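As a plain string of letters, each chain reads:
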Amino acid sequence: MNTAATEPEIKELGVHDCWRYLRSTSLCRIAFTDGDIVENYPVNFVPTNGTLLIRTGEGTKLASLAEHKAVAVEADGMNQYGTIAWSVILKGHALIVTDAEETQDAMDAGLSPWQPGQKNVLFRITPQEISGRRFVIAAPTHWWPPREPSAD
């Protein structure tokens, strides 16, 4: 039996493709540890100068990110036909941005919060590792075994 045609095609993405996909979206999930707890939040972001910029408000869990705290970011998407999906994971460290020039960089890059309220904490994630993959979405008939005919 030839199963090659039923296996979804998976392609590991190079760094340039990972950044291309990150530039195609503005929503990701950021994960980090807070004591013994792993926190995971959806955030909007903008890639700029080989890093990711994120804004948040005072007093939020994200604002508690210590200098150089290790974080992981995941962004996912699919093509307009829903036939090819991609996923990019970026691992690095978060650094609170206080420099006026870097703040201007964030504004110039179009980073604006989605929720109302003051979002005056800006941090930059500098990647240490970035990886991704793209794959053909398998048809639902490949997810489940064939159903047995009912005895009724």
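Structural notes, computed from the coordinates. Note that the structure is a prediction, hence the values are computed from the model and not measured. (Residues numbered from 1 in each chain as written. Predicted model: local features only at pLDDT ≥ 70, side-chain atom pairs only at ≥ 80, totals over all residues. Heavy atoms only, no water.)

What follows covers the overall build of the protein chain. When helices and strands are counted, the protein chain shows two helices and eight strands. Reading the protein chain from its N terminus to its C terminus gives the helix and strand order β-α-β-β-β-β-β-β-α-β. Per-residue burial over the protein chain gives 30% buried out of 152 residues. Expressed as a percentage of contacts within the protein chain between residues at least 6 apart in sequence, the contacts between residues at least 24 apart total 70%. (Helix = DSSP H or I, 4+ residues; strand = E, 2+ residues; numbered from the N terminus. Buried < 20%, exposed > 50% of the residue type's maximum accessible area, 1.4 Å probe, protein only. Contact = heavy atoms within 4.5 Å.)

To continue, consider the nonpolar core. For soluble globular proteins, the rule of thumb is that nonpolar side chains tend to be buried together. Judged by nonpolar contacts, the single largest core of 24 residues is most densely connected at L22, I30, L52, V88, L90, F123 and I125. For this core, the elements supplying multiple residues, two or more each, are helix 1 (15-23), strand 2 (27-34), strand 5 (51-56), strand 6 (69-78), strand 7 (84-97) and strand 8 (121-136). Among all residues touching L52, those that are not within four sequence positions of it are W19, L22, F45, V46, P47, V73, L90, F123, R124 and I125. (Core = buried A, V, L, I, M, F, W, Y, C linked by side-chain atoms within 4.5 Å.)

Tallying each qualifying case throughout the model produces two aromatic pairs. When the centroid spacing of 4.9 Å and the interplanar angle of 25° are considered together, the rings of Y21 and W86 count as stacked. Taken together, the residues Y21 in helix 1 and W86 in strand 7 connect sequence positions 65 residues apart. Residue Y21 is classed as buried on the basis of its relative accessible area of 11%. For the cation-ring pair, R20 lies above Y21, with the distance from its terminal atom to the ring centre recorded as 4.6 Å. (Phe/Tyr/Trp six-rings, centres within 6.5 Å; stacked < 30°, edge-to-face > 60°. Lys NZ or Arg CZ within 6 Å of the ring centre and 35° of its normal.)

Within this structure, the stated rule accounts for two salt bridges. Here R20 ties to D17 by a salt bridge, and the two come within 3.4 Å at their closest N and O atoms. Note that R20 and D17 are positioned in helix 1 at a spacing of three residues, about one turn of the helix. Under the relative-accessibility criterion, D17 is labelled partly exposed at 22%. The residue E129 makes a salt bridge to K91 at a minimum N-O spacing of 3.9 Å. Of this pair, E129 sits in strand 8 while K91 sits in strand 7, and the two are 38 residues apart along the sequence. (Salt bridge = Lys/Arg side-chain N within 4 Å of Asp/Glu carboxyl O.)

What follows covers the environment of M78. Within the secondary structure, M78 is located in strand 6. In sequence terms M78 and I137 are 59 residues apart; their C-alpha atoms lie 9.1 Å from each other. The contact partners of M78, leaving out residues within four places of it in the chain, are I84, A85, W86 and I137.

Here we come to the environment of S112. Examined against the element boundaries, S112 turns out to sit in the loop between helix 2 (100-108) and strand 8. Accessibility expressed as a relative area gives 38% for S112, which makes it partly exposed. Spatially, the C-alpha atom of S112 lies 8.2 Å from that of N44, the residues being 68 residues apart in sequence. When near neighbours in sequence (up to four residues on either side) are disregarded, S112 contacts N44 and R55.

Our focus in this paragraph is unusual backbone geometry. Phi angles above zero are rare outside glycine, and N49 is one such case at about 55°. Along the polypeptide, N49 turns up in the loop between strand 4 (46-48) and strand 5.

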